[in-house]
Amino acid sequence: MNTLAIVLIIVAAVVFALVGFIVGAAYRKKTAEAKIGSAKEEATRIINQAMTKAEQAKKEAILEAKDEIHKQRSETEKDLRERRAEVQRQEHRLIQKEENIDKKTDAIEKKEEILNDKIQKADEKMAEIDTLKKSQLEMLEKISGYSKEQAKAFLLQQLEETLEHEKAVRVLDYQEKMKDEADQIAREYITTAIQRCAADHAAEATVSVVALPNDEMKGRIIGREGRNIRAIETITGVDLIIDDTPEAITVSCFDPVRREIARLTLERLIADGRIHPARIEETVEKCKREVEQTIKQTGERAVVDAGVGNIHPELVKLLGRLKYRTSYGQNVLNHSLEVSYISGLLAEELGADVKLAKRAGLLHDIGKSIDHEYEGTHVQLGVEFAKKYKENDKVLHAIQAHHGDVEPKTVVAYIVQAADAISAARPGARRENIENYIKRLEKLEEIATSFDGVDTSFAIQAGREVRILVKPEQVSDDKMVLLAHDIAQKIESELDYPGQIKVNVVRESRATDYAK
C-alpha cells in the first residue's frame, strides 16, 4: 500500500513537472517570437535608413566628382592654350632664324666671291713681286759683286760679331752685378758657418797595419804551407801583405768594413796565440758581429749628434758603415756630420728649413757606404736607397744635386752643395796620392787646350788655377770672356776636384820692329 502510494506520488510529480515544463516552454516561445518580430522590424528600419544615407552619399560623391572633372578639364584646356601659344611663338622664332640664316648665307657667298677675286689678284701681284725681286737681286749681285749666299754669310758674320760683343758685355755686367750683390752676403754666411764648425781631420788610407809582438808571429800567421793566411784571406776577402817591414803586417782591401773585420781578427788571433783555420773562422764570425754592432751604434750616435730623428734603421746602418769609408783621405762619416752641421747653420742664416737641411747634409753621401757592392755612382745609389726607405723628396733631390748631376731646384739642395764644397775645401781635409794629383792636373790642361783659339795652358797653384794663353788673331777681347765661361763650365761637368778652380785667360798682342 505504501509502495503504491509512493509510486503514484512520483508519477503525479513527474506529470506535474512535465505539464509545468510544457507551459513554460510555450510561454518562452511566445515571448521569443514577440522579440524576434520586434527585432526584424528594427532591422528593417535600420536597413532602410542605411540605404537612404547611402543614396545621399552616392549623390554627393557624384556631384563632387563632376565638380573635380570640370575643374581638371578647365585647367587642362588652359594649359593646352598656353602650350599652343608657346609653340606658335617658337615656330615664329624658327621662321625668323631661318630667314636670318638665309640672309647670312647669301652674304657669305658674296664675301667668298669677293675674297676669291682678291686672292686671285694677290697671286698675280705676288708673281709680279717675285719677278721684280728676282730682277732686283740679280741687279744687286751685279752691283755688290756678292752672290746671295755670300751676302747672307757676310750679314750673318756682322750680326754674330755684334751679338758676340753685346753678349760679352752683358755677361761681364751680370757677373759684376752678381758679385757686388752676392759676394758680401755669401762671405758673411760662409764665414759664420765655418767659424761655428771647427772639426779635426785625420787622413785615412785603404790599408791597415797590424803590429806584431815579434817577427816569429809572421810565420805562425802564414801557417804550414800557407794554410792560415789563405784561410784568413778567403774568409775575410782581404789581402795580407807580409814583407820585410819588421813586426808589422799590412791588411789591404778596397772594402773598409772587410778590412776592419780582418784587422780585428788578426789582433784577436795574435793576442790569443792559437792560430789555425777553425780558430780563424770562429774569430772572424765574432769580429763580424762586433763590427756590425759597432756600425749600428755609430750610425745611431751620428743621428743623435746631427740632431736628426726618424731615420729608417737600414739608413742608420749605412751611416754607421761610413765610419770605415774614406774619400781623398777624408773620413766620410765625419764629413757627412760636418756637412750636416754647416747646412744647418747656412739654413738658419738664410731662413730655410734647418732640420731638413741637416737631414739632407747627413744623408748626402750615404751611397758611398755601398758603392763597393753595387753598380752605379754613390749619388745614384744614395738616391735609390733613400727613396727605398721613404725619405723626403727634397732630401732625395739634394742628394742627387750635391755634385751637380742635376740642376739644384730647392734652397736646401743649394745649401747642401755649398756645405759639401766647404767641408771638402778645408785645409788638410782631403788629400790624394801623387798619381791622381798628376792625372787631375793633366786633365785640367787637356780640357783647357781642347777649345779653339787656345795656344797653351798651365795648371798652377796645385790645380787651383789654370792659366790659358790664347791666340790673339783668333780670340778677341769679347770672345775671351765667353771662352773663360765655357772652359769653367766644361771643367765643372767633367772633372772632380775639391774647392774651386780659377780660370784665367790671357790674351797678348806684341808688335816688334827694329831700328836700323
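You'll find the structure just up there.
This one's a predicted model, so the numbers in the text were calculated from it and none came from an experiment.

Would you mind going over the overall build of the protein chain with me for this structure?
Counting secondary structure elements, the protein chain contains 14 helices and eight strands. For the protein chain, the proportion of its 516 residues judged to be buried stands at 29%. Here the analysis covers contacts within the protein chain between residues at least 6 apart in sequence; of these, 62% occur between residues at least 24 apart. Carbon and sulfur atoms make up 54% of the accessible area of the protein chain, which amounts to about 35400 Å² in all.

Whenever I open this one, the pattern of salt bridges confuses me. Can you help?
Oppositely charged side chains may form a pair once their charged atoms are brought near each other. Per the counting criterion, the structure on display carries 16 salt bridges. Between Arg263 and Glu260 there is a salt bridge whose closest N-O contact spans 2.6 Å. Placement of the pair is Arg263 and Glu260 together in helix H5 (residues 256–272), with a separation of three residues, close to one helical turn. Of the two residues, Arg263 and Glu260, both sit in the buried class. With its nearest N and O atoms 3.2 Å apart, the salt bridge here joins Arg467 to Glu465.

What's the story with the pairing of strand E7 (residues 465–470) in this structure? I'm lost.
Along a regular strand, successive side chains alternate from one face of the sheet to the other. Across six bridges, strand E6 (residues 454–460) lies against E7 in antiparallel orientation. Following the sheet pairing, Ser457 is matched in E7 by Ile468. One ladder, built from five bridges, connects E7 with strand E8 (residues 502–506); its direction is parallel. Looking at the pairing, Val466 lines up with Val503 of E8.

Looking at this model, I keep getting lost on helix H10 (residues 378–388). Mind explaining?
Because each turn of an α-helix spans 3.6 residues, side chains separated by three or four positions in sequence point in the same direction. The complete set of buried residues in H10 reads His378, Val379, Leu381, Gly382, Val383, Phe385 and Ala386. Buried-residue contacts for H10 involve helix H7 (313–321) and helix H11 (393–401). Just past H10, the residue Lys390 takes up positive phi, approximately 65 degrees.

Help me understand the environment of Met217, please; the structure alone is not making it clear to me.
Mapped onto the elements of the fold, Met217 is located in helix H3 (residues 216–222). For the pair Met217 and Ile275, spaced 58 residues apart in sequence, the C-alpha separation works out to 9.8 Å. Excluding its chain neighbours within four sequence positions, the residues that come into contact with Met217 are Leu212, Ile270 and Ile275.

Looking at this model, I keep getting lost on H5. Mind explaining?
The first and last C-alpha atoms of H5 sit 24 Å apart over 17 residues, in line with the 24 Å expected at 1.5 Å per residue. Counting buried residues along H5, twelve of its 17 residues qualify, which places the element largely inside the surrounding structure. Every buried residue of H5 is accounted for by Pro256, Val257, Arg259, Glu260, Ile261, Ala262, Arg263, Leu264, Thr265, Leu266, Leu269 and Ile270. Downstream of H5 by a residue or two, Gly273 has a phi angle that is positive, lying close to 90 degrees.

What am I meant to see in the side chain of Thr283 here?
Within the element layout of this structure, Thr283 appears in helix H6 (residues 277–306). You can call Thr283 buried: its relative accessible area is 6%. Setting aside its immediate chain neighbours within four residues, Thr283 contacts Thr265, Arg268 and Leu269.

Whenever I open this one, the packing of H6 against H7 confuses me. Can you help?
Geometry of a packed helix pair, given as the angle between the helix axes and the separation of the axes. At a closest axis distance of 7 Å, the pairing of H6 and H7 adopts a crossing angle of 100 degrees. Here H6 lies roughly perpendicular to H7, going by the angle between them. Each of Ile295, Lys296, Thr298, Gly299, Glu300 and Val303 in H6 lies in contact with H7, whose residues at this interface are Val316, Lys317, Leu319, Gly320 and Arg321. In terms of residue class, the contact of H6 with H7 is made up of four nonpolar, three polar and four charged.

About the cut-offs
- Along every chain, residues carry numbers that run from 1 in the direction the sequence is written.
- For a predicted model such as this one, the threshold for reporting local features is a pLDDT of at least 70, and the threshold for listing and counting side-chain atom pairs is 80 or more; totals across whole chains, interfaces and linings nevertheless cover every residue.
- The side-chain values count all of the structure's non-hydrogen atoms but skip hydrogen atoms and water molecules.
- Comment: elements are numbered from the N terminus, with helices defined as DSSP H or I runs of at least four residues and strands as E runs of at least two.
- Burial status follows relative accessibility: with a 1.4 Å probe on protein chains alone, a residue under 20% of its type maximum counts as buried, one over 50% as exposed, and anything between as partly exposed.
- Any two residues whose heavy atoms approach within 4.5 Å are treated as being in contact.
- Under the convention used here, a 1.4 Å probe and the Shrake-Rupley method define accessible areas, while residue burial counts only the protein chains that appear.
- By salt bridge we mean one thing: a side-chain nitrogen of Lys or Arg within 4 Å of a carboxyl oxygen of Asp or Glu.
- Strand pairing is assigned whenever DSSP identifies at least 2 bridges connecting the two strands.
- Multiplying 1.5 Å by the helix residue count minus one yields the expected span of that helix.
- The axes are straight lines fitted to the C-alpha atoms, using for helices just the contacting stretch, and the angles between their N-to-C directions are given from 0 to 180°.
- With respect to orientation, any angle under 35 degrees is reported as roughly parallel, any angle over 145 as roughly antiparallel, any angle of 65 to 115 as roughly perpendicular, and every other angle as oblique.
- Residues are sorted three ways: Asp, Glu, Lys and Arg are charged, Ala, Val, Leu, Ile, Met, Phe, Trp, Tyr, Cys and Pro are nonpolar, and all the rest, Gly among them, are polar.

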